[in-house]
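Each chain, written out:
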Amino acid sequence: MAKMNFGGVMETVVTRDEFTLEHAREVLRDETIAVIGYGVQGPGQSLNLRDNGFRVIVGQRPGRSFEKAKADGWVEGETLFTIEEACAKASIIMCLLSDAAVLSQWPVIKPHLTAGKALYFSHGFAITWPDRTGVVPPADVDVIMVAPKGSGATVRSHFLEHRGINASFAVQQDATGRALDRTLALGIGIGSGYLFETTFKREAVSDLTGERGALMGAIQGLFLAQYETLREHGHTPSEAFNETVEELSQSLMPLIAARGMDWMYANCSTTAQRGALDWMTPFHDAIKPVMERLYQSVASGHEAQISIDSNSKPDYREHLNEELRQMRESELWQTAKTVRQLRPEGSAE
């Protein structure tokens, strides 16, 4: 593991050049890896591991995801099993169920966590708030994590494009003395480009804050506020959408990803520079207290409890689908469908 300078702070980083795929295969040579759950992260991580030459099986409850696993080439009774069967057969149990499903399936998984096995997560939620989730692993198993910084679909698409997606890693419990090697081998096996060190708690708190903040919650709120303001002052839907979402997502964000916001500020018109510099601070000052309130709500476990409570309601899915329908059918995102169809490459739908 190497130390690298991130803006003046030294952090531990592991790359594929340092911890090679060949070494990862050697570390896990005698292991059977059970990927539990075939929803968001399960397909990408399991298929990447399989394609990279590891011994992998899948555990999934009957239903749509079970059928998807079969369509992806997992064979029922050979490489595709019930959750209980897969856990019994595995030496490494990769728990990639949703947070709500982890809670409901923990009584099925826990009896199969016998001494020397490893319990793997891609999110720190269940382990960080055990008083709320009830997930307390036995003391004689490794408890480890690799958390890709992207969706399961991106984990797979980057792999197929021979690119790596960055991921964080953590060891919560090292019962065997091999926990770190197992963690890094799995991280390389699922296709990580590089891995940076974290803890279960830091990952869970930063992840929940990010989802509610800049990654999804805040950006949708910002989009909607600007779009509504433009529409209320007489701008057309196409103009409001292009100036709010399209230019950001199609032009600026790729440049920011490649070169940074500092480069964007230095390479835009003088009018844009002046305006962005002048309004950056008012936006920061308005948003910072909201972000602090959000962080404290996450760190205290309040957001975790909201998620647990809402996901456990019998009508949760019905209410969720209604909220998603309202967003999908809003003028903002209906306008987006038309704009996407007008892009030179055609619709992405």
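What you see is a predicted model, and the numbers here were worked out from it, not measured in a lab. (Residues numbered from 1 in each chain as written. Predicted model: local features only at pLDDT ≥ 70, side-chain atom pairs only at ≥ 80, totals over all residues. Heavy atoms only, no water.)

(A) Looking closely at the pattern of salt bridges. Evaluation of the coordinates by the stated rule reveals 18 salt bridges. Across the pair Arg178 and Glu31 runs a salt bridge, and its minimum N-O distance is 3.2 Å. Placement of the pair is Arg178 in the loop between β9 (165-173) and α9 (179-189) and Glu31 in the loop between α1 (21-27) and β3 (33-36), with a sequence separation of 147 residues. Accessibility expressed as a relative area gives 6% for Glu31, which makes it buried. A network of salt bridges, in which partner residues are shared, links Glu31, Asp142, Arg178 and Arg182. (Salt bridge = Lys/Arg side-chain N within 4 Å of Asp/Glu carboxyl O. Helix = DSSP H or I, 4+ residues; strand = E, 2+ residues; numbered from the N terminus. Buried < 20%, exposed > 50% of the residue type's maximum accessible area, 1.4 Å probe, protein only.)

(B) Inspection of the state of the cysteines at higher detail. The full count for this structure, using the stated rule, is 0 disulfides. The thiol of Cys87 is not disulfide-bonded; the next cysteine sulfur, from Cys95, is found 7.8 Å away. (Disulfide = S-S within 2.5 Å.)

(C) Structural detail: helix α14 (residues 270-299). Under the 1.5 Å per step criterion, the end-to-end length of α14 is 41 Å for 30 residues, consistent within 8% with the ideal 44 Å. Most pronounced at Ile287, the bend in α14 amounts to some 30 degrees, and the proline Pro289 follows within four residues. Within α14, burial applies to Leu294, Ser297 and Val298. Looking at the packing, one finds that the buried side of α14 touches α10 (200-212) and α15 (302-311). The first or second residue beyond α14 is Gly301, which carries a positive phi of 90 degrees. (Expected span 1.5 Å × (residues − 1). Bend = angle between axes of the 7 residues up to and from the residue. Contact = heavy atoms within 4.5 Å.)

(D) Structural context of the packing of α10 against α14. One can describe the packing of α10 onto α14 by two numbers: an axis separation of 9 Å at closest approach and a directional angle of 135 degrees. As judged from the angle between their axes, α10 and α14 are oblique. Two packed elements cross with a definite hand, and for α10 against α14 that hand is right-handed. Listed contacts from α14 to Ala204, Val205, Leu208, Thr209 and Arg212 of α10 are Met291, Leu294, Tyr295, Val298 and Ala299. Here the contact of α10 with α14 is composed, by residue class, of 8 nonpolar, 1 polar and 1 charged. (Axes fitted to C-alpha atoms, helices over the stretch in contact; angles between N-to-C directions. Parallel < 35°, antiparallel > 145°, perpendicular 65-115°, else oblique. Left-handed = near helix turned anticlockwise from the far one by under 90°. Nonpolar A, V, L, I, M, F, W, Y, C, P; charged D, E, K, R; others polar.)

(E) Representation of the pairing of strand β7 (residues 118-121) within the structure. Residue alternation in β7 divides its side chains into two sets, Ala118 and Tyr120 and Leu119 and Phe121, and both sets are buried. Both strand β6 (residues 92-95) and β7 contribute to a ladder of 4 bridges, which runs parallel. For Ile92, the partnering residue across the bridge sits in β7 and is Ala118. Between the parallel elements β6 and β7, the chain passes through helix α5 (residues 99-109) in a crossover that is right-handed. Both β7 and strand β8 (residues 142-148) contribute to a ladder of 4 bridges, which runs parallel. Bridge pairing links Phe121 to Met145 in β8. (Pairing = 2+ DSSP bridges. Right-handed = clockwise from strand over helix to strand, strands pointing away.)

(F) The arrangement of the environment of Gly210 in detail. Its location among the elements puts Gly210 in helix α10. Its relative accessible area of 17% is what places Gly210 among the buried residues. C-alpha of Gly210 to C-alpha of Val298: the two residues are 88 residues apart in sequence and 10 Å apart in space. Look past the residues within four positions of Gly210 in its chain and what remains in contact with it is Leu215 and Met216.

Any link to function would need more than the numbers given here.
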